[in-house]
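# Fold and geometry: a report
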There are 2 protein chains.
Amino acid sequence: MQSKSRPSGQKSRSFIETARRAQIIASAIEVIAGHGFAKASLARIAEHAGISKGVISYHFAGKDKLMEEVVTQVYSEIVEAVSPMMMAQKSATALLRTQILGVAQHMRGHRTQLKALGEIFIHLRRPDGTPRYGITTSEELFQVLEHIYRLGQRNGEFRPFDIRVMAITHQAALDNMFAYWSAFPEHDLEAHARELADIFEHATRAEETPS
Amino acid sequence: MQSKSRPSGQKSRSFIETARRAQIIASAIEVIAGHGFAKASLARIAEHAGISKGVISYHFAGKDKLMEEVVTQVYSEIVEAVSPMMMAQKSATALLRTQILGVAQHMRGHRTQLKALGEIFIHLRRPDGTPRYGITTSEELFQVLEHIYRLGQRNGEFRPFDIRVMAITHQAALDNMFAYWSAFPEHDLEAHARELADIFEHATRAEETPS
DNA sequence: CTAAATTCTGGCCGTGCAGTCAAAAAGTAG
DNA sequence: CTACTTTTTGACTGCACGGCCAGAATTTAG
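So, here is what we can say about the structure in this document.

How each quantity is defined
- Residues numbered from 1 in each chain as written.
- Chains lettered and ligands numbered in written order.
- Predicted model: local features only at pLDDT ≥ 70, side-chain atom pairs only at ≥ 80, totals over all residues.
- Heavy atoms only, no water.
- Helix = DSSP H or I, 4+ residues; strand = E, 2+ residues; numbered from the N terminus.
- Buried < 20%, exposed > 50% of the residue type's maximum accessible area, 1.4 Å probe, protein only.
- Areas by Shrake-Rupley, 256 points an atom, 1.4 Å probe, with all protein chains shown as cover.
- Axes fitted to C-alpha atoms, helices over the stretch in contact; angles between N-to-C directions.
- Parallel < 35°, antiparallel > 145°, perpendicular 65-115°, else oblique.
- Left-handed = near helix turned anticlockwise from the far one by under 90°.
- Contact = heavy atoms within 4.5 Å.
- Nonpolar A, V, L, I, M, F, W, Y, C, P; charged D, E, K, R; others polar.
- Core = buried A, V, L, I, M, F, W, Y, C linked by side-chain atoms within 4.5 Å.
- Phe/Tyr/Trp six-rings, centres within 6.5 Å; stacked < 30°, edge-to-face > 60°.
- Expected span 1.5 Å × (residues − 1).

## Regarding the overall build of chain A
When helices and strands are counted, chain A shows nine helices and zero strands. From first element to last, N terminus to C terminus, chain A shows the α and β order α-α-α-α-α-α-α-α-α. Residues classed as buried in chain A amount to 46% of the 211 residues present. Per element, the accessible surface of chain A, about 10,700 Å² overall, is 52% carbon and sulfur.

## Structural notes on the packing of helix α9 (residues 189-204) of chain A against helix α9 (residues 189-204) of chain B
Between α9 of chain A and α9 of chain B, the shortest axis-to-axis distance is 7 Å and the interhelical angle comes to 110 degrees. When the interaxial angle is binned, α9 of chain A and α9 of chain B end up roughly perpendicular. The hand of the α9 of chain A/α9 of chain B crossing is right-handed. Contacts between α9 of chain A and α9 of chain B involve Ile-199, His-202 and Ala-203 of chain A from the former and Ile-199, His-202 and Ala-203 of chain B from the latter. Residues of the contact of α9 of chain A with α9 of chain B, tallied by class, amount to four nonpolar, two polar and no charged.

## With respect to the nonpolar core
Formed by 118 residues in total, the largest nonpolar core has its most connected members in Leu-66, Tyr-149 and Phe-200 of chain A together with Leu-66, Tyr-149 and Phe-200 of chain B. When neighbours within four sequence positions are excluded, Phe-200 of chain B is seen to be in contact with Thr-169 of chain A together with Leu-96, Ile-100, Tyr-149, Met-166, Thr-169, His-170 and Ala-173 of chain B.

## A few points about the packing of aromatic side chains
Residues and elements named next belong to chain A. In total, this model carries six aromatic pairs over all chains according to the counting rule given. Note on Tyr-149 and Phe-161: the rings are 5.7 Å apart at their centroids and 85 degrees apart in plane angle, and the pair reads as edge-to-face. Linking Tyr-149 in helix α7 (residues 139-155) with Phe-161 in the loop between α7 and α8 (163-180), this pair joins segments that are 12 residues apart in sequence. Judged by its relative accessible area of 0%, Tyr-149 falls in the buried class. Exposure remark for Phe-161: the relative accessible area of 9% places this residue in the buried category.

## Here's the deal with helix α4 (residues 63-87) of chain A
Think of an α-helix as turning once every 3.6 residues; residues three or four places apart then point the same way. Helix length check: α4 of chain A (25 residues) gives 36 Å between terminal C-alpha atoms against 36 Å at 1.5 Å per residue, within 8%. Among all positions in α4 of chain A, only Leu-66, Met-67, Val-70, Val-71, Val-74, Tyr-75, Ile-78, Val-82 and Met-86 of chain A are buried.

## Quick word on the environment of Val-103 of chain A
Tracing the sequence through the fold places Val-103 of chain A in helix α5 (residues 92-108). Between the alpha carbons of Val-103 of chain A and Ala-193 of chain A there is a distance of 8.7 Å; along the sequence they are 90 residues apart.

## Observations regarding the packing of helix α5 (residues 92-108) of chain B against α9 of chain B
Residues and elements named next belong to chain B. At their nearest, the axes of α5 and α9 sit 9 Å apart, and the two run at 160 degrees to each other. Judged on the interaxial angle alone, α9 and α5 are roughly antiparallel. The chirality of how α5 crosses α9 is right-handed. Touching Thr-93, Leu-96, Arg-97, Ile-100, Leu-101, Ala-104, Met-107 and Arg-108 of α5 are Leu-189, Glu-190, Ala-193, Arg-194, Leu-196, Ala-197, Asp-198, Phe-200, Glu-201 and Thr-204, all from α9.

This is the structure:
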């Protein structure tokens, strides 16, 4: 026999439930972005949404599940935005630049979401202490980067280097852009992204073959 | 009238107090590295040190002060270890490589300290939510990197690029090495560092001037 | 030795947290 | 209106935390 509360995970959701869930996720994003992950308690999120705390428990199995859905939503928005731009590129060099600039461009219109994403990336851990949602463990993004670098080396566009270290470094640079760009209030995100694209272009490109 | 407990900050410290403080700092490092920053409560640190919780309050003005001293100690150990190697270098290119390899070499013998440092860097915030000890406010290390890059550009060894973005990226790569290299057990730290040095050498070096 | 200063103990307090629940309210259908 | 389901409320539980402190233990000074 099922517990009375909490709609099951599989059944189709009523309109009102879908709306509530979206509202709660939106509030979570705003609270995390505004007050930091540590201060984003269920009570605060509920207050920001103008509902009582129990409602969150009613609609989400727990705080972790809520955060998971926040990440999933924001992350899929990024992929959705950047993937089409990348499809159009032919060379690995262009792919590399498009990936970095695409992420930055999407961020520009979604500061709040991405601030929250960075907060969650940095703070949420598994019980064993390893990062839970950080991109270093997100195979999806890692595979995209590996693909770019592998392609570049196959084409001879890129010099030989350790693909894993390069991809990790690339991810770290993006993470850093996520996590800390708001700490430089005078800093221009797109300029940062362009510089980053330059840095990785220089870091990867094949040596000049003299004649 | 002074509070009865807590030796003042300025007086010279007795042997026993110095020893206790060192013991507490060491325990804090081990607990943070082992369980993560979030789980490093005063109670856990005290238990690990085999003393009662009150002792920590007696010797340190508060948890933040304790963390501050942990950071100061570990950080100064790194600088102490790497600075002499850097002194011996003449070119910016050599400085760059020495900085990365020196940090990695020091890390090799101080895994616990550096895991703890990374944890604190990532998690400790000011009340307003901005990072407290991260690279964005740690001017010391940032200035070292800025110095290297500025020197390289002045010498014409390095191409023109945004020094701040390059330094941030450099720092992110090091942070990443701090934070995650243990997640790849098969991975050789020194090989990672050599690759990293290569990456930044390629990223920074001046374009070939064809005679 | 005694007296005073230093150091330590262990329990207590208030706070904030995630999650629970009985009951109230709102919505829906006949 | 009535009977039923879905949704919401807000008080409550139990827990972990940082900080506090009266008094005990220990060390030092005279």
